[in-house]
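# Structure at a glance
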Amino acid sequence: MSEMRYYMFGESTLVIESRPPVSLAVQQRIWGLAQQLVHEPGVAEVIPGMNNLTIRLQAIPPSQQDAVSQLKAWWQAAESFIPASRNIDIPVIYGKAAGPDLSSLAETVGLTPKQVVEAHSAERYTVFFIGFQPGFPYFSGLSPRLACPRHKTPRLSVPAGSVGIAGSQTGIYPLTSPGGWQIIGQTSSLLFDETREAPFLLRPGDTVRFIPHKDGLC
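Let me begin by describing the structure that accompanies this report. Everything quoted here is computed from the prediction, not taken from an experiment.

## Focus on the overall build of the protein chain
Assigned secondary structure in the protein chain consists of 4 helices and 13 strands. Its C-alpha radius of gyration of 19 Å places the protein chain within 12% of the 17 Å reference for a compact globule of 218 residues. A principal-axis box enclosing the C-alpha atoms of the protein chain has dimensions of 60 × 40 × 30 Å. Of all 218 residues assigned to the protein chain, the portion counted as buried reaches 46%. Sequence-distant contacts, at least 24 apart, represent 63% of the contacts inside the protein chain between residues at least 6 apart. Summed over its atoms, the accessible surface of the protein chain is roughly 11,200 Å², and 53% of this surface lies on carbon and sulfur atoms. Both charge centroids of the protein chain, one from 17 positive and one from 17 negative side chains, sit 7 Å from each other.

This is the structure:
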């Protein structure tokens, strides 16, 4: 199990986080602890993240040291939770207008655009959590060969359905918004639709494959 950090964030918020790299085993334990703590007296909100968990308390604890000690005890007693997982394919058009950063990313990581597409679509990714936007999935499983920094200056408008890379993660923009991820493709899959019974297409624990458009780069 990865080394964990425990600390206060402000006066009434506890945080537990794992040092990199991300781990599915740690994430499953975070899911389990999150389910446990929503019923814990004195806990106002529980927010799972990427190998981290934020716990907002209902009141400022009398002792921060005791609160952090309690956090450690919760983690040590936590049990893993493995949610029902679905295997979902996401069709993607890579490159050109759909993926304006594909060529520059390829140059940055020392690959051809075709090799980037092959590496990106070869993996099966696990959804660790949903955040940033409604339905925005944070995946584990990106090939280290594709890790690339965000844009220094974010775009003012990234189209909904954009598939991007930032650091060691890949993700999909459910809604049009500003963003700094390197955009390599576009999907027609609707990740968020408020008219559906289940508005989010993906949920934590799902596994995803990106399927390149049959006509290749566009």
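## Comments concerning the environment of Val22
With respect to the secondary-structure elements, Val22 resides in the loop between strand S2 (13–18) and helix H1 (24–37). Other than its neighbours up to four places away in sequence, Val22 contacts Met50, Asn51, Phe128 and Ser140.

## A few points about the side chain of Asp101
Its place among the elements puts Asp101 in the loop between strand S5 (87–94) and helix H3 (102–109). Overall, the relative accessible area of 4% leaves Asp101 in the buried class. Look past the residues within four positions of Asp101 in its chain and what remains in contact with it is His151, Arg155, Trp181, Gln182 and Ile183.

## So, the sheet that holds S2
Spatial strand order, S1-S2-S4-S3: 4 strands in an open sheet with antiparallel pairing. In the strand order of this sheet, the two ends are held by strand S1 (4–8) and strand S3 (43–48), each with one partner. In this sheet, neighbouring strand axes are inclined to one another by 15 degrees on average, regardless of whether the strands run parallel or antiparallel. Strands S1, S2, S3 and strand S4 (52–57) of the sheet are contacted by helix H2 (residues 64–77), whose axis makes an angle of about 145 degrees with S1.

## Quick word on the packing of H1 against H2
Relative placement of two packed helices is described by the angle separating their axes and the distance separating the axes. The interhelical angle for the contact between H1 and H2, taken along N-to-C directions, is 115 degrees, at an axis separation of 9 Å. When the interaxial angle is binned, H1 and H2 end up roughly perpendicular. In this structure, H1 crosses over H2, and the sense of that crossing is right-handed. Seen from H1, the contacting residues are Val26, Arg29, Ile30, Leu33, Gln36 and Leu37; seen from H2, they are Trp74, Trp75 and Gln76. In terms of residue class, the contact of H1 with H2 is built from 6 nonpolar, 2 polar and 1 charged.

## Some remarks on the packing of aromatic side chains
Remark: the centre distance and the inter-plane angle together describe each pair of aromatic rings, the angle taken between the planes. On inspection of all chains with the given rule, the structure shows 11 aromatic pairs. Ring geometry for Tyr125 against Phe139: centres 5.9 Å apart, planes inclined by 55 degrees, an arrangement best described as tilted. Of this pair, Tyr125 sits in strand S6 (residues 125–130) while Phe139 sits in strand S7 (residues 137–140), placing them 14 residues apart in sequence. With respect to burial, Tyr125 and Phe139 carry one shared label: buried. Considering the side-chain rings of Tyr138 and Trp181, the 6.2 Å spacing of their centres and the 70 degrees angle between planes classify their relative orientation as edge-to-face.

About the cut-offs
Residues numbered from 1 in each chain as written. Predicted model: local features only at pLDDT ≥ 70, side-chain atom pairs only at ≥ 80, totals over all residues. Heavy atoms only, no water. Helix = DSSP H or I, 4+ residues; strand = E, 2+ residues; numbered from the N terminus. Rg over C-alpha atoms; globule rule 2.2 N^0.38 Å. Buried < 20%, exposed > 50% of the residue type's maximum accessible area, 1.4 Å probe, protein only. Contact = heavy atoms within 4.5 Å. Areas by Shrake-Rupley, 256 points an atom, 1.4 Å probe, with all protein chains shown as cover. Lys, Arg positive; Asp, Glu negative; His and termini not counted. Charge placed at Lys NZ, Arg CZ, Asp CG, Glu CD. Pairing = 2+ DSSP bridges. Axes fitted to C-alpha atoms, helices over the stretch in contact; angles between N-to-C directions. Parallel < 35°, antiparallel > 145°, perpendicular 65-115°, else oblique. Left-handed = near helix turned anticlockwise from the far one by under 90°. Nonpolar A, V, L, I, M, F, W, Y, C, P; charged D, E, K, R; others polar. Phe/Tyr/Trp six-rings, centres within 6.5 Å; stacked < 30°, edge-to-face > 60°.

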